[in-house]
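Reading the structure
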Amino acid sequence: MRRTTELGDLKTTMSTMVELTSAFEGIASMRISQIRDQVLHSQQFFQDLWHIYSQLRVDELFHFGRLQNSGQVVDKELMILITAEGSFGGDIDRRLISSFVKDYEPARNVTVVIGRHGAGLLAQRGISFERNFKTPQRDLNINTSPLIEVVKKYKSTTVYYQHYESLMSQTIKKIHLSNAVIERGGKVDTPGEIINETNYIFEPSTYAVVDHLESSMMQIMLSELILESKLAQYASRFKAMSLAREKAQASNTEVGGLYNRARRQEKDERLKEIINGLRKALA
């Protein structure tokens, strides 16, 4: 049987693991609540922009904010992968990469990765990517402008992201960016006020304003997808920490039992030694 000192050290380690996993579990739960609130604010801002855009639009097409320089578009599909910055979040990034690989064709696709972990997973598979953006640490005022400038260069854009369903369930989804913006706008109620060139002055031009609105709404949509992915990542981390805590608690209970038995055995052995010593002294 293992010595009590060794088992005592192991018991302390297991207790520390239980405390750490419980702390990470609590942090993940708190971040989930904060991100949900931010998504609601973002959706309201999108609706305000769509009210204006739906009345200014010069045709029925969504131009990715490039009406004024459409001749520079590359005839390829941009694929954006939203992953975590680190690997401390279960298997959700691996599932996203596996989903992406099924659709990926090097001849017609260009890849951009958000998150260092996703970039590392692609490198392991020998898949190159155009750029790697860092996953935003902040949840407020996410700056997706550099990413939108990349989006404008390509004919179409598909985004792969992680979707939060519940604390114990997260899935992988993909959307076409322009379709997602239009579908979201279609759910917005049309305002009573009419906004057009007869009662408003648009500087420098109506086309420039439309471009700006399209770019802004794509930024909002991408920000929401990043937040949605972070929500799923925190939920995946919560699930991983919850499972780790349960295993640590089970191990801690098992080690505690071994430790108590080892202490009793040592006490029994000491008592036997004392009794045997007394018998020899009295003999």
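Our structure is the block above this text.
Residues numbered from 1 in each chain as written. Predicted model: local features only at pLDDT ≥ 70, side-chain atom pairs only at ≥ 80, totals over all residues. Heavy atoms only, no water.

1. A short note on the overall build of the protein
Looking only at helices and strands, one finds 6 helices and 5 strands in the protein. Traced from its N-terminal end to its C-terminal end, the protein shows the element sequence α-β-α-β-α-β-α-β-β-α-α. Evaluated residue by residue, the protein yields a buried proportion of 42% over its 283 residues. Long-range contacts, defined here as pairs at least 24 residues apart, represent 79% of the contacts in the protein between residues at least 6 apart. With the model as given, the accessible surface of the protein reaches about 16,000 Å², and the carbon-plus-sulfur share is 52%. (Helix = DSSP H or I, 4+ residues; strand = E, 2+ residues; numbered from the N terminus. Buried < 20%, exposed > 50% of the residue type's maximum accessible area, 1.4 Å probe, protein only. Contact = heavy atoms within 4.5 Å. Areas by Shrake-Rupley, 256 points an atom, 1.4 Å probe, with all protein chains shown as cover.)

2. Digging into the pattern of salt bridges
Oppositely charged side chains may form a pair once their charged atoms are brought near each other. Following the criterion strictly, the structure yields 7 salt bridges and no others. Residue lysine 152 pairs with glutamate 149 through a salt bridge whose shortest N-O separation is 3.6 Å. Judged by its relative accessible area of 18%, lysine 152 is buried. The exposure class assigned to glutamate 149 is partly exposed, which follows from its relative accessible area of 45%. (Salt bridge = Lys/Arg side-chain N within 4 Å of Asp/Glu carboxyl O.)

3. Quick word on the sheet that holds strand β5 (residues 169–176)
An order of β3-β2-β1-β4-β5 is seen for the 5 strands of this open sheet, with the pairing classed as mixed. Sheet topology places β3 (131–133) and β5 at the edges, where each strand pairs with a single neighbour. Recorded for the sheet is a direction-independent mean angle of 20° between the axes of neighbouring strands. Where strand β2 (residues 109–114) lies against β3, 3 bridges are found, and the strand directions are parallel. (Pairing = 2+ DSSP bridges. Axes fitted to C-alpha atoms, helices over the stretch in contact; angles between N-to-C directions.)

4. Here we look at the packing of aromatic side chains
Enumeration according to the criterion identifies 2 aromatic pairs in this entry. Ring geometry for phenylalanine 100 versus tyrosine 104: centroids 5.1 Å apart, planes at 40°, classification tilted. Judged by relative accessible area, which is 18%, tyrosine 104 ranks as buried. When the ring of phenylalanine 100 is compared with that of tyrosine 160, the centres are 5.8 Å apart and the planes differ by 85°; the resulting orientation is edge-to-face. With phenylalanine 100 in helix α2 (residues 92–103) and tyrosine 160 in strand β4 (residues 154–166), the pair connects residues that are 60 residues apart, well separated along the chain. Take phenylalanine 100 and tyrosine 160: they sit in the same class, and that class is buried. Geometry around phenylalanine 46 places arginine 184 over its ring, the cationic atom sitting 5.1 Å from the centre. (Phe/Tyr/Trp six-rings, centres within 6.5 Å; stacked < 30°, edge-to-face > 60°. Lys NZ or Arg CZ within 6 Å of the ring centre and 35° of its normal.)

5. As for the packing of α2 against helix α3 (residues 116–124)
Interhelical geometry of α2 versus α3 gives an angle of 55° and a closest axis separation of 10 Å. Taken together, the axes of α2 and α3 lie oblique to each other. Two packed elements cross with a definite hand, and for α2 against α3 that hand is right-handed. Note on element contacts: α3 touches α2 through His117, Gly118, Leu121, Leu122 and Gln124, opposite Asp93, Arg94, Ile97 and Phe100. Tallied by class, residues from the contact of α2 with α3 come to 4 nonpolar, 3 polar and 2 charged. (Parallel < 35°, antiparallel > 145°, perpendicular 65-115°, else oblique. Left-handed = near helix turned anticlockwise from the far one by under 90°. Nonpolar A, V, L, I, M, F, W, Y, C, P; charged D, E, K, R; others polar.)

6. Here's the deal with the environment of isoleucine 52
Take isoleucine 52: it is sitting in helix α1 (residues 4–56). Since its relative accessible area comes to 31%, isoleucine 52 is described here as partly exposed. The sequence separation of isoleucine 52 and valine 210 amounts to 158 residues, and the corresponding C-alpha distance is 9.2 Å.

7. Quick word on the pairing of strand β1 (residues 74–82)
Alignment of β1 against β4, held across 6 bridges, turns out to be parallel. Within β4, the position partnered with methionine 79 by the bridge is threonine 158. When β1 meets β2, the two strands line up parallel, connected through 6 bridges. Within the sheet, the bridge partner assigned to glutamate 77 lies in β2 and is asparagine 109.

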